[in-house]
Amino acid sequence: MADIDYSQLLKDMLAAMKQSFTNDWNDAQPYAKAELNSFVDNIKLINKLKSDGKITEEKAKLYLEMQKGSMRIVLLTIDGLTILAVENAINAALDVVRNTVNTAIGWTIL
Amino acid sequence: MSFLLVILTSCTSIKLISDYDELTDKKIVALQEKVTGFVVKIRDEIGTDKAKYVNYKPFYQEVKVDLETLKIRTNAIDNNKIVQDQVSTLATYIDNLEKVHKLGFNDVSEVDLINSQCNTIFTALTKLQLGLKRGEKK
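What counts as what
What you see as residue numbers is a count from 1 along each chain, following the sequence as written. Here every chain gets a letter starting at A, and every ligand a number starting at 1, in the order they are written. Where totals are concerned, whole chains, interfaces and linings use all residues; where local detail is concerned, this predicted model gives features only for residues with pLDDT of at least 70, and gives and counts side-chain atom pairs only at 80 or more. Each side-chain value is worked out from all heavy atoms of the structure, with water and hydrogens disregarded. Elements are defined by DSSP. Helices are runs of H or I of four residues or more, strands are runs of E of two residues or more, and each kind is numbered from the N terminus. C-alpha atoms define the radius of gyration, and 2.2 Å times the number of residues to the power 0.38 defines the globule rule. Classification of residues uses two cut-offs on accessible area relative to the type maximum, computed with a 1.4 Å probe and protein chains only: under 20% is buried, over 50% is exposed, and between them is partly exposed. The contact definition used throughout considers only heavy atoms, calling two residues in contact when any of these lie within 4.5 Å. In short, Shrake-Rupley with a 1.4 Å probe defines the accessible areas, and a residue's cover is counted only from the protein chains shown. Positive charges are assigned to Lys and Arg, negative charges to Asp and Glu, while His and the chain termini are left out of the count. Every charge is mapped onto a representative atom, which is NZ of Lys, CZ of Arg, CG of Asp or CD of Glu. What gets called buried area is simply the loss in accessible area from a 1.4 Å probe that two parts show on being joined, summed for both. Salt-bridge detection follows one rule: a side-chain nitrogen of Lys or Arg within 4 Å of a carboxyl oxygen of Asp or Glu. By convention, a stacked pair of Phe, Tyr or Trp rings (six-membered ring in the case of Trp) has centres within 6.5 Å and planes under 30 degrees apart, an edge-to-face pair has planes over 60 apart, and any other such pair is tilted.

Colleague: Would you mind showing me how to read the overall build of chain A here?
Modeller: In terms of regular secondary structure, chain A is built from 4 helices and 0 strands. From first element to last, N terminus to C terminus, chain A shows the α and β order α-α-α-α. Taking 110 residues into account, the globule formula puts the C-alpha radius of gyration at 13 Å, and chain A, at 14 Å, falls close to it. Its C-alpha atoms give chain A principal-axis dimensions of about 45 × 20 × 20 Å. Evaluated residue by residue, chain A yields a buried proportion of 50% over its 110 residues. Partitioning the contacts of chain A with sequence separation of at least 6, the portion at a separation of at least 24 is 69%. Summed over its atoms, the accessible surface of chain A is roughly 5000 Å², and 46% of this surface lies on carbon and sulfur atoms. Distance between charge centres in chain A, computed from 12 positive and 14 negative side chains, equals 5 Å.

Take a look at the structure:
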């Protein structure tokens, strides 16, 4: 299992979300930061549980789906954002880290 | 004609979200209490047979009934797409939680993760409801 640069993951995801939200970024930024931080914490936990032999690929995928659900609900509270805009921003953030995370964890979880 | 259109447009605000609905708000609070109760209880049971899915089947059945009621209520309200999308996402979250539970919890950190996610979710749902109540959301 390769080491993951978690702070770089966060930076990359924030940059992708910023680009996706464009004009709504100022409103979305605090929520996006908090949610992407939680997402990175989730990846850290999965990485640790995998090292300890306490998690399966199936369960790891479900935890990330649940995290995405949390992100959707939070971002939808921002005035004027639609589910489509929120979904596009989440996908943009995940797209930029997909290869890094999947390769480092050794499973296709994103 | 175009002058009239400009006046009409400037006087009309486009409403993207419904007015406050007390019943929706109350249902969300009740659901939050049920889910929080589940998380607190199961955290103490990790590593024992009590934490097994079979013992929590009634919890998932109850929550699904509550979510269906909430879906019907929110779908019946006009201009309510944002709340409908939140409720629909919450229903998917609970489905995934049930799938995880069926696979079994092996570590307390898993329940802590779920607790943190649920707190975030219900805070966001409540925040939107409070915004609607104060008339801040348009």
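Colleague: What am I meant to see in the overall build of chain B here?
Modeller: Summing up its helical and strand segments, chain B has 5 helices and 0 strands in all. By residue count, 42% of the 138 residues in chain B fall in the buried class. Long-range contacts, defined as pairs at least 24 residues apart, comprise 75% of the intrachain contacts of chain B with a sequence gap of at least 6. For chain B, the computed accessible surface area is about 7800 Å², with 57% contributed by carbon and sulfur atoms.

Colleague: Just to check I follow, could you spell out the environment of Asn47(A) for this structure?
Modeller: In this structure, Asn47(A) sits in helix 2 (residues 25–51). Between the alpha carbons of Asn47(A) and Val96(A) there is a distance of 19 Å; along the sequence they are 49 residues apart.

Colleague: Before we go on, may I ask you to explain the interface of chain A and chain B in this structure?
Modeller: A common way to express how large an interface is: the accessible area buried when the components associate. If you look at the interface, chain A gives 24 residues, while chain B gives 31 residues. Summed over both partners, the interface of chain A with chain B buries about 2400 Å², with 66% contributed by carbon and sulfur atoms. On inspection of chain A and its partner chain B, the count reaches 2 salt bridges. Of the charged contacts, one joins Glu110(B) and Lys59(A) as a salt bridge, the two residues approaching to 2.7 Å between their closest N and O atoms.

Colleague: What am I meant to see in the pattern of salt bridges here?
Modeller: A side chain with one charge may pair with a side chain of the opposite charge, provided their charged atoms come close. Residue and element names in this part refer to chain B. Evaluation of the coordinates by the stated rule reveals 18 salt bridges over all chains. A salt bridge links Arg 134 to Glu 136, with the nearest nitrogen and oxygen atoms 2.8 Å apart. What makes Arg 134 exposed here is its relative accessible area of 54%. Via salt bridges that share partners, Lys 34, Glu 62 and Asp 66 belong to a single interconnected network.

Colleague: What is the right way to read the side chain of Glu98(B) from this model?
Modeller: All names here are of chain B. Note that Glu 98 resides in helix 4 (residues 81–103). By relative accessible area, Glu 98 is classed as buried at 8%. Filtering out sequence-adjacent residues up to four positions away, Glu 98 remains in contact with Tyr 53, Tyr 60 and Lys 64.

Colleague: Before we go on, may I ask you to explain unusual backbone geometry in this structure?
Modeller: What you tend to see is this: most non-glycine residues have negative phi, and most peptide bonds are trans. Residue Thr22(A) is not a glycine yet carries a positive backbone phi of 40°. Although it is not a glycine, Asn79(B) adopts a positive phi angle of roughly 55°. With respect to the helices, strands and loops of the structure, Asn79(B) is situated in the loop between helix 3 (57–75) and helix 4.

Colleague: Looking at this structure, how should I read the packing of aromatic side chains?
Modeller: Centre-to-centre distance and the angle between the planes together describe a pair of aromatic rings. All names here are of chain B. Within the structure shown, the criterion is met by 5 aromatic pairs over all chains. Aromatic side chains Phe 38 and Tyr 60 sit 6.0 Å apart centroid to centroid with 65° between the ring planes, which places their arrangement in the edge-to-face category. Taken as a pair, Phe 38 in helix 2 (residues 22–45) and Tyr 60 in helix 3 lie far apart in primary sequence, 22 residues in all. For the pair Phe 38 and Tyr 60, one class covers both residues: buried. Between Phe 59 and Tyr 60, the ring centres sit 5.0 Å apart and the planes meet at 75°, which makes this aromatic pair edge-to-face.

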